[in-house]
Number of protein chains: 2
Amino acid sequence: MLSDIEIARAAQKRPIPEIGAKLGIPAEALIPYGRDKAKVDEAFIAGLSDRPMGKLILVTAINPTPAGEGKTTTTVGLGDALSRIGQRAAICIREASLGPNFGMKGGAAGGGYAQIVPMEDMNLHFTGDFHAITAAHNLLAAMIDNHIYWGNGLEIDERRVTWKRVMDMNDRALRDVVVGLGGVSNGFLRQTGFDITVASEVMACLCLSRDLEDLQERLGRMVVAYRRDRSPITCRDIGADGAMVVLLKEAMQPNLVQTLEHTPAFVHGGPFANIAHGCNSVMATTTALRLADYVVTEAGFGADLGAEKFFDIKCRKAGLKPAAAVIVATIRALKMNGGVTKDNLGPENVAAVTKGCANLGRHIANTKGFGVPVVVAINHFATDTAAEVEAVRAYVAGQGCEAIECRHWAEGGAGAEDLARKVVQMAEGGSAFAPLYPDDMSLWDKIDTIARRIYHAGDVIADKAVRDQLRQWEAAGHGNLPICMAKTQYSFSSDPALRGAPSGHTLPIREVRLSAGAGFVVVICGEIMTMPGLPRHPAAENIRLNAEGEIEGLF
Amino acid sequence: MLSDIEIARAAQKRPIPEIGAKLGIPAEALIPYGRDKAKVDEAFIAGLSDRPMGKLILVTAINPTPAGEGKTTTTVGLGDALSRIGQRAAICIREASLGPNFGMKGGAAGGGYAQIVPMEDMNLHFTGDFHAITAAHNLLAAMIDNHIYWGNGLEIDERRVTWKRVMDMNDRALRDVVVGLGGVSNGFLRQTGFDITVASEVMACLCLSRDLEDLQERLGRMVVAYRRDRSPITCRDIGADGAMVVLLKEAMQPNLVQTLEHTPAFVHGGPFANIAHGCNSVMATTTALRLADYVVTEAGFGADLGAEKFFDIKCRKAGLKPAAAVIVATIRALKMNGGVTKDNLGPENVAAVTKGCANLGRHIANTKGFGVPVVVAINHFATDTAAEVEAVRAYVAGQGCEAIECRHWAEGGAGAEDLARKVVQMAEGGSAFAPLYPDDMSLWDKIDTIARRIYHAGDVIADKAVRDQLRQWEAAGHGNLPICMAKTQYSFSSDPALRGAPSGHTLPIREVRLSAGAGFVVVICGEIMTMPGLPRHPAAENIRLNAEGEIEGLF
């Protein structure tokens, strides 16, 4: 059995112009980055705006467990399968963050025979988009401190600078820092911190912007600090929005690569799935939709977080109408949702699988609630038994839905053709997509709606300060924004240990944050880490070039 | 009269494979980055090792003044002129740092009709090399704090961690910081700081390495901290060297672009010219020398710092033998060296020019002292008068040397053909290059030799602690390293106001630092700033995309 990296290295990649040609992208509209990556020219994209859009397929999943679900793998497998059955298909996924690869072994490009290549590049610098975001973010930070240094004409309250710095690195020592030591020439002492780059609001803005003009508007609106009277200071007040757009000009153009089976794949943007919306860029998705008949994309975490934000933030704001959704589950992950520990996933356990199906059932009902047709993909694993698979099929049938076993990990697109045919059938049947709540609902009611309808919470609690803050934002004109929930991905509740389908739990809101540029209100339930740390033995200790110049230890 | 940026935008660039073909680089050895930049494949470069080397021409200058000398412009003009007179020529210069462009208007690619393009890219992300260096540097920093966090098995003295973090941004608030606040999970409180990326020892290592193996060796040797017993901890002890090389794999490959006249230009690496050696990479220079008959390159600051380090660090370590040197001067800059203020440079002032020639004369003698033939290039400016130019010619002739007026800024390579012919004549005559001091001289004597022979200092002073430190390093086996002087670039002395050719001054050594990976001892005379700040009105406030999508305000 070959490892993912061995399969990826053995891949016979086609020249990128040939991949672009499958979608009708002329070679001159592809800007090469290395030998097997390209950006799609913004002028070409601008010229597509009156084309009709293809069908958008969302791949989402049950609540993640350490057993793994294979959401990206299924996204890739489905894209390849759609190509195989004669559809003009494209895939859209997020870019990987560089830093975390040096902590734990990485690999965010699918697996087995359902991978996107070049895998190494995608897990390292790729086309430099994240570096550009880091630079743009930190330019704004430097300009804020510089403004204070040179007289603070805007009367920024130094204690209320909310804009931190970012780095694409797992570096816990930077979470909480004091800057400006060393005397007069270094500015004013101030406590602040660093987030990892994917947590930057610049990333969320880039991923939700239609074009560079929209990007500048969004960046300009970002709130970076407050005055003593609590009035906000924006990025535009600091005068950084123009220079930030210049830094992000190339990064805004979607990246085109390919699957092992040469299906075009747009890999672009990668916002955090907790404090942001966790999907690839609107630019990539809309570009793909104007070029392909079927576009397969994915959302972060399980459907309770990922699909809800995909529908309520990305689709709402970009005017996208998903045609169908695939919910990925594995027998192993369902067993864990049914109470089995990770060490006992091997033996057949139909009872546990059936019990765990409650989690799957909740996601099916929730997703259908958005008016989108749903199919379940059982991502095959070697230890699955026929009885276990049959138990899932029967359960899902009872929910008025179909579960299809997929073997794309081992067989590539050929292993997901049944799924592809079902997806086409559903998508041709039409979708009645609608977001969960209207724009003009109050912020608190939006939170309450998500908590009760999606999480099945019995109650939502928050300090008066949180409710007052929401009302202040409504008064300031931000009441029409959607909600971005930051909650554990492991449970419908805020308790990561509560697997399955808990009901009637209480959802505690700890904090709310305004992302005025990205265009959502972040609601934080529990501890959310925006700067990871490295483990005791970081993967970096074993990452190196071997004698053949190949990268070892990264995967 | 068109501005630099207007000229650059109007450039008719040739496809990069055509530029590579001029040097015999096959298209498949060029890795494209965007439409008009490429990296040269490391495997192709490795295959060149038994080729003979062309002739290396150094462009250096008198001490810089606010009037400007045009060293890069002359480097480009000379390269173009050599092409015009039928030589197979290539240019090697440094990459620009991104951060400073957001402070003052940038532009590090020559000027007028002697420019390298694409100018915008070169002043922004270019091919991502500096971002890779930032990431590699900061990975090591994160791994050091992570090592301490997880038990500090190496017994690092937290007060003696010398490895700081870097960012390619002018951000004075980061010069001096405390990290690790926020309790147990964020590690140990520690005072540290950020330098700008070009000041990273990783940058110096990359620029002095022969290949990736050499790079890993150098990175591994870097000293990052000390124990309580003062024994050093290296990057290799931390286990970061392998992963850093993986991050730097692409960055090690030289970047190929072109001049306005389509002469091949390698733009690669950009170490600080004070605490590092200030030249483009050895990889770029040796690659160019194996492909071209003439390679024109430049060194940072004036010849007292730049040329001395080029000869004593880069050429010594890489085994390069420069064939000739060009010292660039302008009438305006000579006037300033002769005591005229910046506001009074317009009117003819032969006396001041003649007086300022003392500075030029010292550089001529110093450069000849390395055994390298020298010519002076008078970089023409509109206000120069015939009498002023004649005064310089006469003075230089008196030094046994020739001064040639050049008009490449206005005329491109055609304006530097006389210079090119002289350079060819000198280079064909042979060079007797030798470094200033032997490897086995004591560190203190090396410093003393540079101070007396190059700066004409009367005395060198330092605290006992500095001399003890040098002796400790000698005992630890670092005594054979060359010296990297960090001194003001504005004067032969350590006093920036002392223009002309001062003698008998005292050179005070404030501090010495070991760059064990790069392979030199940094000797600091005066205040050296390794993290710039932004001015009151940063250029960033006016940088933006215009309605045509062009970048405004960057140049």
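Residues numbered from 1 in each chain as written. Chains lettered and ligands numbered in written order. Predicted model: local features only at pLDDT ≥ 70, side-chain atom pairs only at ≥ 80, totals over all residues. Heavy atoms only, no water.

All names here are of chain B. Where helix α6 (residues 129-149) contacts helix α7 (residues 201-208), the axes come no closer than 9 Å and their chain directions differ by 120 degrees. Considered as vectors, α6 and α7 are oriented oblique to each other. In this structure, α6 meets α7 at a crossing whose hand is right-handed. Judged by residue contacts, Phe130, Ile133, Ala136 and His137 of α6 engage Val202, Met203 and Leu206 from α7. In the contact of α6 with α7, the residues fall into six nonpolar, one polar and no charged. (Axes fitted to C-alpha atoms, helices over the stretch in contact; angles between N-to-C directions. Helix = DSSP H or I, 4+ residues; strand = E, 2+ residues; numbered from the N terminus. Parallel < 35°, antiparallel > 145°, perpendicular 65-115°, else oblique. Left-handed = near helix turned anticlockwise from the far one by under 90°. Contact = heavy atoms within 4.5 Å. Nonpolar A, V, L, I, M, F, W, Y, C, P; charged D, E, K, R; others polar.)

With that settled, the discussion passes to the pairing of strand β15 (residues 264-267) of chain A. All names here are of chain A. Where burial is concerned, the two faces of β15 agree: the one with Pro264 and Phe266 and the one with Ala265 and Val267 are both buried. Bridge analysis of strand β4 (residues 89-93) against β15 gives three bridges, and the strand direction is parallel. Residue pairing for β15: isoleucine 91 is matched across the bridge by alanine 265. In terms of strand pairing, strand β14 (residues 255-259) meets β15 through three bridges, oriented antiparallel. Bridge pairing in β15 places glutamine 258 opposite proline 264. Between β14 and β15, which pair antiparallel one after the other, the connecting turn spans four residues, and histidine 262 there sits at a positive phi close to 75 degrees. (Buried < 20%, exposed > 50% of the residue type's maximum accessible area, 1.4 Å probe, protein only. Pairing = 2+ DSSP bridges.)

Note on the identical chains: chain B maps onto chain A by a rotation of 180 degrees and an axial translation of 0.0 Å, with an RMSD of 0.0 Å. These values place the two chain copies in the arrangement generated by a two-fold rotation axis. Taking C-alpha positions as the reference, the residue of chain B nearest the rotation axis is tyrosine 33 of chain B, at 2.2 Å. Residue by residue, 100% of the interface of chain B is reproduced at the interface of chain A, so both copies engage with the same surface. (Least-squares fit on C-alpha atoms with pLDDT ≥ 70 in both.)

Residue and element names in this part refer to chain A. At a minimum axis distance of 9 Å, the contact between helix α6 (residues 129-149) and helix α10 (residues 241-248) shows a crossing angle of 165 degrees. In terms of axis orientation, α6 runs roughly antiparallel to α10. Considering only the axes of α6 and α10, their crossing is right-handed. The segment α6 lies against α10, with Ala132, Ile133, Ala135, Ala136, His137, Leu139 and Leu140 engaging Ala243, Met244, Leu247 and Leu248. Grouping the amino acids of the contact of α6 with α10 by side-chain chemistry returns 10 nonpolar, one polar and no charged.

Turning next to the sheet that holds strand β24 (residues 520-524) of chain A. All names here are of chain A. Strand order in this open sheet of three strands is β21-β24-β23, and the pairing throughout is mixed. The open sheet has two edge strands, β21 (483-486) and β23 (511-515), and neither has a second partner. Ignoring which end each strand starts from, the neighbouring axes of this sheet average 25 degrees apart. With five bridges connecting them, β23 and β24 associate as antiparallel partners. The partner of serine 515 across the bridge, within β24, is phenylalanine 520. Contacting β21 and β24, helix α12 (residues 303-318) crosses the sheet at an angle of about 165 degrees to β21.

To continue, consider the UniProt feature "binding site: ATP" (unreviewed entry) in chain A. Residue and element names in this part refer to chain A. On the UniProt side, "binding site: ATP" (unreviewed entry) is annotated at positions that read Thr65, Pro66, Ala67, Gly68, Glu69, Gly70, Lys71 and Thr72 here. Locating glycine 68 in the fold gives a position in the loop between β3 (55-61) and α4 (71-84). Overall, glycine 68 belongs to the partly exposed group, its relative accessible area being 29%. Discounting chain neighbours no more than four positions away, the residues touching glycine 68 are Thr330 and Ala333. On the secondary structure map, glutamate 69 appears in the loop between β3 and α4. Ignoring sequence-local partners within four residues, the contact set of glutamate 69 consists of Ala61, Ile62, Asn63, Pro64, Val328, Thr330, Ala333 and Asn379. From its side chain, glutamate 69 meets the backbone nitrogen of threonine 65 in a polar contact 3.0 Å long. (UniProt positions renumbered as here; feature names shortened; annotations may be inferred. Polar contact = N/O pair within 3.5 Å; in protein donor to acceptor, adjacent residues only side chain to side chain.)

On to the interface of chain B and chain A. Taken together, the contact pairs 64 residues of chain B with 64 residues of chain A. Here chain B meets chain A over a buried area of about 5,500 Å², counting both sides, of which 66% is carbon and sulfur. There are four salt bridges connecting chain B and chain A. The partner of aspartate 171 of chain B in a salt bridge is arginine 165 of chain A, and the shortest N-O contact between them spans 2.8 Å. Where chain B touches chain A, the interface holds 31 residue pairs in polar contact (both at pLDDT 80 or more). The element best represented in the side of chain B that touches chain A is α6 of chain B, accounting for 10 residues. (Buried area = accessible area lost by both parts, 1.4 Å probe. Salt bridge = Lys/Arg side-chain N within 4 Å of Asp/Glu carboxyl O.)

Residue and element names in this part refer to chain A. Parsing chain A into structural domains produces domain 1 (4-127 + 251-428), domain 2 (130-248) and domain 3 (443-525). With centres defined by C-alpha atoms, the gap from domain 2 to domain 3 works out at 25 Å. Each partner contributes to the interface: domain 2 provides nine residues, whereas domain 3 provides eight residues. Summed over both sides, the interface between domain 2 and domain 3 buries roughly 560 Å², with carbon and sulfur atoms accounting for 52% of that surface. Of all residues in domain 2, the largest losses of buried area upon contact with domain 3 belong to Glu201, Arg221 and Val223, amounting jointly to 53% of the total for that side. At the boundary of domain 2 with domain 3, the tally comes to zero salt bridges. The tally of links between domain 2 and domain 3 comes to six residue pairs in polar contact (both at pLDDT 80 or more). Of all the secondary-structure elements, those providing two or more residues to the side of domain 2 that touches domain 3 are α7 (201-208), α8 (212-221) and β12 (223-227). (Domains from an automatic or database assignment.)

This brings us to the sheet that holds strand β13 (residues 232-234) of chain B. Residue and element names in this part refer to chain B. Ordered in space as β7-β12-β13, the three strands form an open sheet in which the pairing is antiparallel. Two strands lie at the open edges of the sheet, namely β7 (156-161) and β13, each paired on one side alone. When the angles between neighbouring strand axes are averaged without regard to direction, this sheet yields 50 degrees. Looking at chain direction, strand β12 (residues 223-227) and β13 are connected through three bridges and run antiparallel. Bridge pairing in β13 places alanine 225 opposite isoleucine 233.

Another point: the confidence of the model for chain A. A residue-level look at chain A finds 100% of positions with pLDDT of 70 or above and a mean pLDDT of 96. Both scores are available for the predicted complex, with the pTM at 0.97 and the ipTM at 0.97. (pLDDT = per-residue confidence, 0-100.)

A few words now on the state of the cysteines. All names here are of chain A. The tally for this structure, following the rule as stated, stands at zero disulfides over all chains. Cysteine cysteine 357 shares no disulfide, and the gap to the nearest cysteine sulfur, in cysteine 401, comes to 11 Å. Note on cysteine 357: relative accessible area 0%, which makes it buried. As a non-bridged cysteine, cysteine 406 has cysteine 401 as the owner of its nearest cysteine sulfur, 13 Å distant. Using a relative accessible area of 1% as the deciding quantity, one classes cysteine 406 as buried. (Disulfide = S-S within 2.5 Å.)

Now for the pattern of salt bridges. Scanning all chains against the criterion turns up 72 salt bridges over all chains. Across the salt bridge formed by arginine 9 of chain A and glutamate 550 of chain A, the nearest N and O atoms sit 3.4 Å from each other. Separated by 541 residues along the polypeptide, arginine 9 of chain A in helix α1 (residues 4-10) and glutamate 550 of chain A in the loop between β25 (544-545) and β26 (551-552) bring together distant segments of the chain. Arginine 9 of chain A sits in the partly exposed class, given a relative accessible area of 29%. A relative accessible area of 31% means that glutamate 550 of chain A is categorised as partly exposed. Between lysine 464 of chain B and aspartate 468 of chain B there is a salt bridge whose closest N-O contact spans 2.7 Å.

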